[in-house]
Amino acid sequence: MELIQETPDLSAYLAADEVIDHHHPLVRETASRLARAATDSYDYARSAYEFVRDGIPHSQDSGDPRVTWRASDVLELRTGICHAKAHALTALLRAEDIPAALCYQKLSHDDGGGHVVHGLVAVRFRGAWHRQDCRGNKPGVDARFSLGGERLAWIPDPESNEMDYPVLYAGPHPAVLAALRGAADRPHLWKTLPAAL
């Protein structure tokens with residue numbers, strides 16, 4: 001699949017905003033700590049990915065009812081669904097001047113009823129975009145940071161009407177962000193997340 005930038009301006013994938021708030025002191029401190037231990041930008045990106053994947057539990061897996069959406073809140077509260085964790089990873093990458101985008105998949109819902117949009121991150125290295133899934137591993141899920149072939153949590157099944165969306169967004173998709181911001185708790189969010197983009 002060919003990934004398509006929402007905007008041709010690469011600087012948009014380094015920008016900070018209300019959600020990808022990499023200017024926030026907690027994001028900056030976390031990025032600085034990870035960068036001090038990294039040997040180069042690739043090593044930093046892998047470390048940031050593993051920090052978010054392994055150090056911030058997916059709220060569905062942990063049973064945490066809180067809903068986070070701002071990168072700094074995800075880092076502070078140490079919880080979030082795939083979208084929130086993608087916001088945190090994007091902020092950490094951009095904090096160290098590594099272009100990062102948000103991208104999505106349409107997957108079958110866990111309960112088997114319909115579909116739900118799943119959030120990923122794409123990182124730009126060696127002149128190309130590489131998708132990463134930082135949602136967190138669990139039995140049956142073994143996502144890894146990779147520039148040499150995708151190691152995502154799930155591969156969409158076209159026969160189940162699942163799909164990869166090719167667009168790389170500089171900010172969260174408005175439908176996803178509206179669901180996150182409007183949710184009273186995670187059970188409520190599960191009912192309002194978009195089924196498709």
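Residues numbered from 1 in each chain as written. Predicted model: local features only at pLDDT ≥ 70, side-chain atom pairs only at ≥ 80, totals over all residues. Heavy atoms only, no water.

S.K.: Help me out: how do you make sense of the environment of alanine 170 in this one?
M.R.: You can see alanine 170 is positioned in the loop between strand S6 (167-168) and helix H6 (174-182). Relative accessible area serves as the criterion here: at 14%, alanine 170 is assigned to the buried category. On a C-alpha basis, the gap between alanine 170 and alanine 45 in space is 18 Å, while along the polypeptide they are 125 residues apart. Contacts of alanine 170, omitting those with residues within four sequence positions, involve Glu6, Ala12, Tyr13 and Arg94. (Helix = DSSP H or I, 4+ residues; strand = E, 2+ residues; numbered from the N terminus. Buried < 20%, exposed > 50% of the residue type's maximum accessible area, 1.4 Å probe, protein only. Contact = heavy atoms within 4.5 Å.)

S.K.: How do you make sense of the side chain of histidine 118 when you look at a structure like this?
M.R.: Relative to the elements of secondary structure, histidine 118 occurs in strand S3 (residues 115-125). Within the local environment of histidine 118, its side chain forms a polar contact with the side chain of aspartate 133, the two groups lying 2.7 Å apart. Non-local contacts of histidine 118, meaning those with residues more than four positions away in its chain, are made with Cys82, His83, Cys103, Tyr104, Gln105, Leu107, Asp133, Arg135 and Trp154. (Polar contact = N/O pair within 3.5 Å; in protein donor to acceptor, adjacent residues only side chain to side chain.)

S.K.: Would you mind showing me how to read the packing of helix H2 (residues 41-55) against helix H5 (residues 82-95) here?
M.R.: Axes are the key here: two packed helices are described by the angle between their axes and the distance separating the axes. Two elements in contact, H2 and H5, have axes separated by 10 Å at closest approach and are oriented at 155°. When the axes of H2 and H5 are compared, the pair comes out roughly antiparallel. The handedness of the crossing between H2 and H5 comes out as right-handed. Every residue of H5 that contacts H2 at Tyr44, Ala45, Ala48, Tyr49, Phe51, Val52 and Arg53 is listed here: Lys85, Ala88, Leu89, Leu92 and Leu93. Counted by class, the contact of H2 with H5 contains ten nonpolar, no polar and two charged residues. (Axes fitted to C-alpha atoms, helices over the stretch in contact; angles between N-to-C directions. Parallel < 35°, antiparallel > 145°, perpendicular 65-115°, else oblique. Left-handed = near helix turned anticlockwise from the far one by under 90°. Nonpolar A, V, L, I, M, F, W, Y, C, P; charged D, E, K, R; others polar.)

S.K.: It is not clear to me how the side chain of threonine 68 should be interpreted in this structure. Could you clarify?
M.R.: By secondary structure assignment, the location of threonine 68 is in the loop between helix H3 (59-62) and helix H4 (71-77). In this structure, threonine 68 is in contact with Asp73, Val74, Leu77, Thr79, Gly80, Ala84 and Leu180, ignoring residues within four places of it in sequence.

S.K.: So what exactly am I meant to see when it comes to unusual backbone geometry here?
M.R.: Backbone geometry follows two general trends: most residues other than glycine have a negative phi, and most peptide bonds adopt the trans configuration. Positive phi, normally seen in glycine, also occurs at arginine 126, with a value near 55°. Mapping arginine 126 onto the fold places it in the loop between S3 and strand S4 (128-132). According to the relative accessible area criterion, arginine 126 is exposed, its value standing at 73%. Of note, the phi angle at asparagine 161 is positive, near 65°, even though the residue is not glycine. Tracing the chain through its elements places asparagine 161 in the loop between S4 and strand S5 (163-164). Taking the relative accessible area as the measure of exposure, asparagine 161 reaches 45% and is therefore partly exposed.

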